[in-house]
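Remarks on the overall topology
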Amino acid sequence: MRGKASRAWLFAAVLACLVAGTDAIVSSVSQRIYARGGDARRFDRFGFKAGGTAQFTTTFTEANNNNYDEAPLDVYIIGCPDTVMTDFQLKAGGASFCVSQFLYSNSTVRSHCEVVEVEPGGPRVQTVTVQRRKMIEWAVAVCGEGTALVHMDYVLMNPGGEHLDFGHEQLPDLYLAFLIVWTALCAWQMFQFGVIHAATITTLHKMMLSVPLFKMVACAIGMLKWETVSRIGYLPDWIGKAGVFADCFNNAATFGALLLIARGWLITRRHIPISEFQSTVTSVVLLIVLTLTYKLYDLDNLSFFALAILYMTILALILSSVARNIRELKMQIMILRQADIEPEGTPAHEKAVMYRRLQLILFSFICTKIFLEMVLLFLRDYPWVGHLANVLVDMILCASVSYTFRLRQPNPFNTDQGEFSWLPVDPSELGNLEAVAGRMAQLGIQIELPPPKIYEARVFKASAPGDDRTSSGGGTGESQALCRHDNEGCVEIPVRGRLAVVVENPPYVDADGVLTESISMAAKEDTRVTPSGGDGDGTDAPVVASVVEARGSREMEMVVVEQGPRVSTDLPGRPMR
């Protein structure tokens, strides 16, 4: 216990060191300005309430002014509304204009701006009190000819020791509210997955649960970030980097989940092709790398355009995958109707509704984000509105997708039957499975049917189970033959140990769960026939042997054709592999 108490005191001391000294330096800036008549460089923007203060500690060094002794440099710190600051920067190149703006009390700058005159040398501390609520752009202005080097430390503060301006002071409470909402949504989703639908939960839904967890972490760090700036006036480096990583993985989790859902993993198909899996992983990794590069390093333009292109590529992949799933589900519904099955209430219909809703959600999300970016250009004085809109739209997107692909009864996410999971019944109940598969192939649906195994073998009749003894001399006797058993009795098929073609069809399970293994065989006759109209030179002609196997009400015919040393086998309706 004493060791834990000492660690707690050490943590408190480190925290006190982080907070200590915040009244001295909140932010600092160094400006080297070369002026030929006048110039101004902006360094900060702050929304003051009435009674807010700005404290500057300045050091002014004049350099490279030997040729302009008769016109010394005049340096000012000015705080103006955005329109006044822009107008001053455009006209400050004229020496007479720059000087007149600070010389006369009725000038535009003197009338609408806060002005602090910076004298050579320093450091000097100067404080400005803002008398009314307004958003101020701060800049260093230089009038005259030459180069000025100005270094300043400054503290911008609203009444009550608030270091956030009136456009950001709502953010700690805003992120706290979103943290509470995300926690409630995550708890409800965990209850649904872990209690109500514990028996039918899929791996996809388990991965979807990570999305609200990342949202909670991002909101918690956002609340900590703005609460810290509100109290001490600056952001410790570790909190800033934690916020960058939280936002980065938050976006990666969101778009990664959308990619998996759009691809149809565990919804319309059990496995994702390796090419699509690779593109999904690559997109998520690139999103993480480019986001970190954009926010942590000074590669703003390059990384910004790369990140914008990546976002457009990911959205294109998501929308194209959703459109493909909708198209395939429409084909499946057509097949159900041709089989005299009403699609309403079937898994195929439920999934089609899901993907149509997802398509509508994504289009609404994209249009809303574009609209917000245009609207927020006119709300620069209220940045908290942008935070509220972006987090709210993100929450609505995630909640809508989660509700659309929620677990339910009857369960449409059943993938036990693989590519046939969209069917409302077991495929064996549809009758002729080969006909259904052929119709699906005609409609362009990609399905995986296990191919029959076709090979050559010598077949002998065993005298006892597991015994494959042959007659003396290495061959089989005339009495040895293959027996075929069916409902009509036993039929003896003499093969006499000759080479036969064997077709092992995929095992078949009927509605009662009875397993049937189907094997077809054809003996290869060694017969030579002289073609009609030939010269009798003994040319080999094709030899054809066929076997018809009856299973229930279905018939399958296998044809074996031999010509010279080459043998080709073909099973109607299935590709040769």
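Let us look at the structure shown here. In every chain, residue numbers begin from 1 and rise along the written sequence. Given that the model is predicted, a residue must reach a pLDDT of at least 70 before its local features are reported, and side-chain atom pairs must reach 80 or more before they are shown or counted; all residues, however, enter totals for whole chains, interfaces and linings. Excluded from the side-chain calculations are hydrogens and water; all other atoms, namely the structure's heavy atoms, are used.

**Some thoughts on the overall build of the protein**
The secondary structure content of the protein amounts to 13 helices and 16 strands. Residue exposure (1.4 Å probe, protein chains only): buried if accessible area is under 20% of the type maximum, exposed if over 50%, otherwise partly exposed. For the protein, with 577 residues in total, the buried portion stands at 39%. Considering only residue pairs separated by 6 or more positions, the protein has 72% of its internal contacts joining residues 24 or more positions apart. To be clear on the numbers: accessible area is Shrake-Rupley with a 1.4 Å probe, and residue cover counts the displayed protein chains and nothing else. Accessible surface computed for the protein: about 32200 Å², of which carbon and sulfur atoms make up 58%. We count a stretch as a helix when DSSP gives it H or I for four or more residues in a row; a strand needs E for two or more, and each element gets its number in order from the N terminus. Contact criterion: two residues are considered in contact whenever any of their non-hydrogen atoms come within 4.5 Å of each other.

**Observations concerning the packing of aromatic side chains**
Here is the rule: rings of Phe, Tyr and Trp (six-membered ring for Trp) pair when centre to centre is within 6.5 Å. Planes less than 30 degrees apart are stacked, more than 60 are edge-to-face, and the remainder are tilted. Counting across every chain of the model gives 14 aromatic pairs. Aromatic pair Phe 88 and Phe 102: ring centres 5.9 Å apart, planes at 85°, arrangement edge-to-face. With a gap of 14 residues between them, Phe 88 in helix H2 (residues 82-91) and Phe 102 in helix H3 (residues 95-103) connect regions that are remote in the sequence. Assessed through its relative accessible area of 6%, Phe 102 is described here as buried. Look at Tyr 294 and Phe 304: their rings are 6.0 Å apart centre to centre, the planes differ by 45°, and that puts the pair in the tilted class. Taken as a pair, Tyr 294 in helix H9 (residues 274-296) and Phe 304 in helix H10 (residues 300-338) lie far apart in primary sequence, 10 residues in all. Among the residues examined, Phe 304 registers a relative accessible area of 43% and is labelled partly exposed. Three or more aromatic residues joined by ring pairs make a cluster, and in this case those are Phe 43, Phe 46, Phe 48, Phe 56, Trp 138 and Tyr 154. We note Arg 133 situated over the ring of Phe 166; from NZ or CZ to the ring centre the distance is 4.0 Å. By definition here, charges over rings are those cases where NZ of Lys or CZ of Arg is within 6 Å of the ring centre and within 35 degrees of the ring normal.

**Quick word on the packing of helix H8 (residues 237-263) against H9**
Convention adopted: a line fitted to C-alpha atoms gives each axis, helices being fitted over their contacting stretch, and angles between N-to-C directions are expressed from 0 to 180 degrees. Where H8 meets H9, the axes come as close as 9 Å, and the angle between the chain directions of the two elements is 160°. Relative to H9, the element H8 is oriented roughly antiparallel. Remark: the crossing between H8 and H9 carries right-handed chirality. Side-chain classes follow a simple rule in which Ala, Val, Leu, Ile, Met, Phe, Trp, Tyr, Cys and Pro form the nonpolar group, Asp, Glu, Lys and Arg form the charged group, and the remainder, Gly included, forms the polar group. Grouping the amino acids of the contact of H8 with H9 by side-chain chemistry returns 13 nonpolar, 6 polar and 5 charged. Relative orientations are named as follows: roughly parallel for angles under 35 degrees, roughly antiparallel for angles over 145 degrees, roughly perpendicular for angles from 65 to 115 degrees, and oblique for any other angle. By convention the crossing between two helices is left-handed if the near helix lies anticlockwise of the far one by an angle smaller than a right angle, and right-handed if it lies clockwise.

**Re a nonpolar patch on the surface**
Any residue with relative accessible area above 30% and no salt bridge may belong to a patch, with like charges joined within 9 Å and the nonpolar Val, Leu, Ile, Met, Phe, Trp and Tyr side chains within 5 Å. Salt bridges are defined by distance alone: a side-chain nitrogen of Lys or Arg within 4 Å of a carboxyl oxygen of Asp or Glu. Among the surface-exposed residues, Phe 214, Phe 245, Phe 249, Leu 296 and Tyr 297 lie close enough to one another that they form a single nonpolar patch of about 450 Å² accessible area. Structurally, Phe 249 can be placed in helix H8. A relative accessible area of 34% places Phe 249 in the partly exposed class.

**Re the environment of Leu 315**
Along the chain, the position of Leu 315 falls in helix H10. Sequence-wise, Leu 315 and Leu 259 are 56 residues apart; in three dimensions their C-alpha atoms are separated by 8.7 Å. Ignoring sequence-local partners within four residues, the contact set of Leu 315 consists of Phe 255 and Ile 366.

**Quick word on the nonpolar core**
Membership of the largest hydrophobic core comes to 41 residues, with the highest contact counts inside it found for Ile 318 and Phe 405. Secondary-structure elements contributing two or more residues to this core are helix H6 (203-208), H8, H9, H10, helix H11 (347-376) and helix H12 (383-404). Residues contacting Ile 318, with those up to four places away along its chain left out, are Phe 255, Leu 258, Leu 259, Ala 262 and Leu 362. Residues enter a nonpolar core if they are buried and are Ala, Val, Leu, Ile, Met, Phe, Trp, Tyr or Cys, with the set joined through side-chain atoms within 4.5 Å. Core analysis: the second largest hydrophobic core is formed by 23 residues, Ala 54, Phe 60, Val 128 and Trp 138 among them.

**Structural notes on the state of the cysteines**
Here, a disulfide means two cysteine sulfur atoms that sit within 2.5 Å of each other. Using the criterion set out here, one finds 2 disulfides in the structure. With a sulfur-sulfur separation of 2.0 Å, Cys 80 is cross-linked through a disulfide to Cys 113. Torsion about the S-S bond of the Cys 80 and Cys 113 cystine: about 120°, corresponding to right-handed handedness. Of this pair, Cys 80 sits in strand S3 (residues 74-80) while Cys 113 sits in the loop between helix H4 (108-112) and strand S4 (114-118); the two residues are 33 residues apart in sequence, bridging distant segments of the chain. As far as burial versus exposure is concerned, Cys 80 and Cys 113 are alike and both buried. Covalent S-S linkage joins Cys 98 and Cys 143, the inter-sulfur distance amounting to 1.6 Å. Taking the sign of the S-S torsion, about -70° here, the bridge from Cys 98 to Cys 143 comes out left-handed. Here Cys 143 lies in strand S6 (residues 134-157) and Cys 98 lies in helix H3, a separation of 45 residues in the sequence. Taking relative accessible area as the criterion, Cys 98 reaches 0% and is therefore assigned buried. Disulfides within the protein link the bonded cysteines, taken in sequence order, as 1-3, 2-4.

**Quick word on the pairing of S3**
Of all 7 residues in S3, 6 are buried, a share of seventy percent or more. By the bridge criterion, 7 bridges tie S3 to S6 in an arrangement that is antiparallel. Within S6, the position partnered with Val 75 by the bridge is Val 142. Here S3 runs beside S4; their pairing, made up of 5 bridges, is antiparallel. Among the inter-strand pairings, Gly 79 is bridged to a residue of S4, identified as Glu 114. For two strands to count as paired, DSSP must find a minimum of two bridges between them.

**A closer look at unusual backbone geometry**
Cis geometry marks the peptide bond from Gln 409 to Pro 410; its omega dihedral reads -5°. Within the element layout of this structure, Pro 410 appears in the loop between H12 and helix H13 (433-442). With a phi close to 60°, Leu 266 is a non-glycine residue in the positive phi region. Its location among the elements puts Leu 266 in the loop between H8 and H9.

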